[in-house]
Amino acid sequence: MKKVISYASAVIILTVLWGSCKKDEQAVAPPVPENEFLTTVELKVVNESDPSDVQTASWIDLDPDDDTPPDVSKAKLTLKANTKYTVQVLFWDDTKTPRGDVTAEIKERENYHLICFTATSGLDLTVKRTDHDTNSPALEVGLEDEFTTGAASSGTLNVELRHQPNVKDGTCDPGSTDADVNYQITIQ
Amino acid sequence: MNRILGIILTMLLSISVLSSQAQQRRLPSYVGITGGISAPSGNFAKDDYDNDRSGFAGTGAMAGITGVYYFKSNFGIGGIATYNDYGFKGAQSLADGYKEAFDVDSSTVDINGSNHSLNILVGPYYGIPLNSKLSLDVHVLGGVVNATLAGNTVYLEDVENATFSQKKATATSFGLQAGAALRYSVTSHLGLMLGADYFTSKPDFKVENENRPLNAGRIITSYHEAISGINGSLSVVYQF
């Protein structure tokens, strides 16, 4: 019976030691192969003074992993001088049929995405983002914008989709780039 | 909880009637060490990233001291002081959830500490002698529970300055425990006990977080769920 007492005491002591010696746990969620791509970036612009004046510029790269350059033949806009335009930035996966709506996913994840616009110095174009996310305070997103043209000019507008998980602060600096495309803009 | 207490009180009455024919003797009092498993239940034991009520507590260990002083009527007063460690269950669920929530390639979650509680409970005991060496001790206890929720730190791959964390949180509340144990008198002064208890408390945790500037990903700022479950224990006691 003394053995039973000894065993019972050992069980209790080992239980205490086991509880106190456990290491802190760590878990890793590893990368998984993607099944969705961002192949097409569109700018859909509507003249605020003439809603029938609608243009769409498309930047397309159906296979970003190979050496084939993107199709920029439709990445052009001709805008009227001294005019305001309502603009939507649209993202698609054109490897799928029907095309995959990546814009909706970015909208769902707007709290850590930001679209940044940079016009070359010769282009008289001002871009203002008009949509906001649900952070507190709310930050701009850039899926919906307003272009304001000035005098006749031409140049390149760079559009960059920034992915800013837990680091979005309203500026374009933090995070990484999900898409980086250029459009040729002519104002006349 | 009320149903369980009702069942225990009914058992008490039934057994006391049945044992009224047994030889009447004062049960020995005891003090000793106790240890065993602690199995939480309910939301506290869930590990669902999408459920803010999940407590991520797993089945763990408990250990402590126990003691009771019996009066001549087989009623006694006693208590326990135990440390229950529930570990942390479901860190992978957190890692997968944060990876999806922030749309990153990979995430790593480090769990800081464990879910645990320190319990000091006292209350009435009733001992039922079954034969010269065996007795059944039943009890209902109340007292103080000081509980801790584990913290965690989340790293998002390839994102500078994005690391965020949920700090460990501690809260104190009233707790209840009810159960029974079979006691075998090895000698007049040495006993072995095998018991089971239901425990419950509901601490009100305030949870602090670091570097959570955005409205994205799971975040809790308070936790107010029952910490309940079953303890299974083995005790070695000195009887007097």
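Structure shown above.
Residues numbered from 1 in each chain as written. Chains lettered and ligands numbered in written order. Predicted model: local features only at pLDDT ≥ 70, side-chain atom pairs only at ≥ 80, totals over all residues. Heavy atoms only, no water.

(A) Expanded view of the overall build of chain B. In terms of helices and strands, chain B carries 2 helices and 14 strands. By residue count, 55% of the 240 residues in chain B fall in the buried class. When contacts within chain B are restricted to residue pairs at least 6 apart in sequence, long-range pairs at least 24 apart make up 72% of them. Only carbon and sulfur atoms are counted for the fraction: they give 59% of the accessible area of chain B, which is about 10,600 Å². (Helix = DSSP H or I, 4+ residues; strand = E, 2+ residues; numbered from the N terminus. Buried < 20%, exposed > 50% of the residue type's maximum accessible area, 1.4 Å probe, protein only. Contact = heavy atoms within 4.5 Å. Areas by Shrake-Rupley, 256 points an atom, 1.4 Å probe, with all protein chains shown as cover.)

(B) Molecular detail of the sheet that holds strand 6 (residues 134–149) of chain B. Residues and elements named next belong to chain B. With antiparallel pairing, 8 strands are arranged side by side around a closed barrel as 1-2-3-5-6-9-10-14. Mean inter-strand twist for the sheet, computed between neighbouring axes without regard to direction, equals 25°. Judged from the 12 bridges that link them, strand 5 (residues 115–129) and strand 6 form a sheet pairing that is antiparallel. From the neighbouring strand, Tyr125 faces strand 6, where its bridge partner is His139. (Pairing = 2+ DSSP bridges. Axes fitted to C-alpha atoms, helices over the stretch in contact; angles between N-to-C directions.)

(C) Region of interest: the interface of chain A and chain B. At the interface, 35 residues of chain A touch 49 residues of chain B. Our enumeration of links across chain A and chain B arrives at 2 salt bridges. Close ionic contact of B:Glu100 with A:Arg109 constitutes a salt bridge, the shortest N to O distance being 3.1 Å. Here chain A is connected to chain B by 17 residue pairs in polar contact (both at pLDDT 80 or more). Sorting the residues of the side of chain A that touches chain B by element identifies helix 1 (2–21) and strand 1 (26–29) of chain A as the ones contributing at least two each. (Salt bridge = Lys/Arg side-chain N within 4 Å of Asp/Glu carboxyl O. Polar contact = N/O pair within 3.5 Å; in protein donor to acceptor, adjacent residues only side chain to side chain.)

(D) Quick peek at the pairing of strand 9 (residues 169–185) of chain B. Residues and elements named next belong to chain B. Examined bridge by bridge, strand 6 and strand 9 share 16 bridges and lie antiparallel to one another. Looking across to strand 9, one finds that Asp137 is bridged to Ala181. Both strand 9 and strand 10 (residues 190–201) contribute to a ladder of 11 bridges, which runs antiparallel. Directly across from Tyr184, in strand 10, lies its bridge partner Leu192. Between strand 9 and strand 10, which pair antiparallel and follow one another directly, the connecting turn spans 4 residues.

(E) Expanded view of the state of the cysteines. Residues and elements named next belong to chain A. Tallied over the full model, the rule gives 1 disulfide over all chains. In this model, Cys116 is linked to Cys172 through a disulfide, with the two sulfur atoms separated by 2.1 Å. Because the sign of the S-S torsion sets the handedness, a value of about -115° for the bond joining Cys116 and Cys172 places this disulfide among the left-handed ones. Placement of the pair is Cys116 in strand 7 (residues 113–119) and Cys172 in the loop between strand 10 (153–163) and strand 11 (176–187), with a sequence separation of 56 residues. Under the relative-accessibility criterion, Cys116 is labelled buried at 4%. (Disulfide = S-S within 2.5 Å.)

(F) Spatial organisation of the pairing of strand 9 (residues 144–149) of chain A. Residue and element names in this part refer to chain A. Pairing of strand 5 (residues 84–93) with strand 9 involves 5 bridges; the strand directions are antiparallel. In the strand pairing of strand 9, Val87 is matched with Asp145. Pairing analysis gives 5 bridges linking strand 8 (residues 125–129) to strand 9, with the strands arranged antiparallel. In the sheet register, Thr126 faces strand 9, and the bridge partner there is Thr148.

(G) Examining a negative patch on the surface more closely. On the surface, a cluster of negative charge is contributed by A:Asp63, A:Asp65, A:Asp66 and A:Asp67. By relative accessible area, which is 37% here, A:Asp63 ends up partly exposed. (Patch = residues over 30% accessible without salt bridge, like charges linked within 9 Å, V, L, I, M, F, W, Y side chains within 5 Å. Lys, Arg positive; Asp, Glu negative; His and termini not counted. Charge placed at Lys NZ, Arg CZ, Asp CG, Glu CD.)

(H) Region of interest: the sheet that holds strand 1 of chain A. The strand order across the open sheet built from 5 strands is 1(A)-4(B)-7(B)-8(B)-12(B), with neighbouring strands paired in antiparallel fashion. Among the strands making up the open sheet, the edge pair consists of strand 1 of chain A together with strand 12 (209–210) of chain B. Across 4 bridges, the pairing between strand 1 of chain A and strand 4 (residues 107–112) of chain B is antiparallel. Across the sheet, residue A:Ala29 finds its bridge partner in strand 4 of chain B, namely B:Ser107.

(I) Here's a closer look at the pattern of salt bridges. Residues and elements named next belong to chain A. Here the structure, examined in full by the defined rule, presents 16 salt bridges over all chains. Between Asp93 and Lys96 there is a salt bridge, with its nearest N and O atoms 3.1 Å apart. Asp93 sits in the buried class, given a relative accessible area of 0%. Shared partners join several salt bridges into a network, and the residues in it are Glu42, Asp94 and Arg99.

(J) Quick peek at the nonpolar core. Residues and elements named next belong to chain A. Formed by 29 residues in total, the largest nonpolar core has its most connected members in Leu43, Phe91, Phe147 and Tyr183. For this core, the secondary-structure elements that each account for two or more residues are strand 2 (40–47), strand 3 (50–60), strand 4 (76–79), strand 5, helix 2 (102–108), strand 7, strand 10 and strand 11. Per element, the largest residue contribution to this core is 5 residues, and it comes from strand 11. Apart from the residues within four sequence positions on either side, Phe147 is in contact with Leu43, Val45, Leu79, Thr83, Lys84, Tyr85, Val87, Phe117, Leu125, Thr126, Val127 and Leu157. (Core = buried A, V, L, I, M, F, W, Y, C linked by side-chain atoms within 4.5 Å.)

(K) Broad picture of unusual backbone geometry. Residue and element names in this part refer to chain A. For the peptide bond that leads from Thr97 to Pro98, omega is -5°, which places it in the cis range. Its place among the elements puts Pro98 in the loop between strand 5 and strand 6 (100–101). The omega torsion across Ser136 and Pro137 is 0°, close enough to zero to call that bond cis. Along the chain, the position of Pro137 falls in the loop between strand 8 and strand 9. Positive phi, close to 50°, is recorded for Asn82, a residue that is not glycine. In this fold, Asn82 is placed in the loop between strand 4 and strand 5.

(L) Focus on the packing of aromatic side chains. Considering all chains together, one arrives at 12 aromatic pairs over all chains under this definition. Where B:Phe44 meets B:Tyr86, the ring centres are 5.5 Å apart and the plane angle is 85°; that geometry is what we call edge-to-face. Taken together, the positions of B:Phe44 in the loop between strand 1 (30–41) and strand 2 (60–70) and B:Tyr86 in strand 3 (residues 75–87) put the pair 42 residues apart, joining distant regions of the chain. For the pair shown, B:Phe44 and B:Tyr86 are each scored as buried. With 5.2 Å between their ring centres and 85° between their planes, B:Tyr49 and B:Tyr98 make a pair best called edge-to-face. Residue B:Tyr49 is found in the loop between strand 1 and strand 2, and its partner B:Tyr98 is found in helix 2 (residues 91–102); the two are separated by 49 residues along the sequence. The rings of A:Tyr112, B:Tyr49, B:Tyr98, B:Phe102 and B:Phe164 are connected pair by pair, giving a single aromatic cluster. Above the face of the A:Trp92 ring, A:Arg99 is positioned so that its terminal group lies 4.1 Å from the ring centre. The ring of B:Phe164 carries the charged tip of B:Arg212 above its face, separated from the ring centre by 4.2 Å. (Phe/Tyr/Trp six-rings, centres within 6.5 Å; stacked < 30°, edge-to-face > 60°. Lys NZ or Arg CZ within 6 Å of the ring centre and 35° of its normal.)

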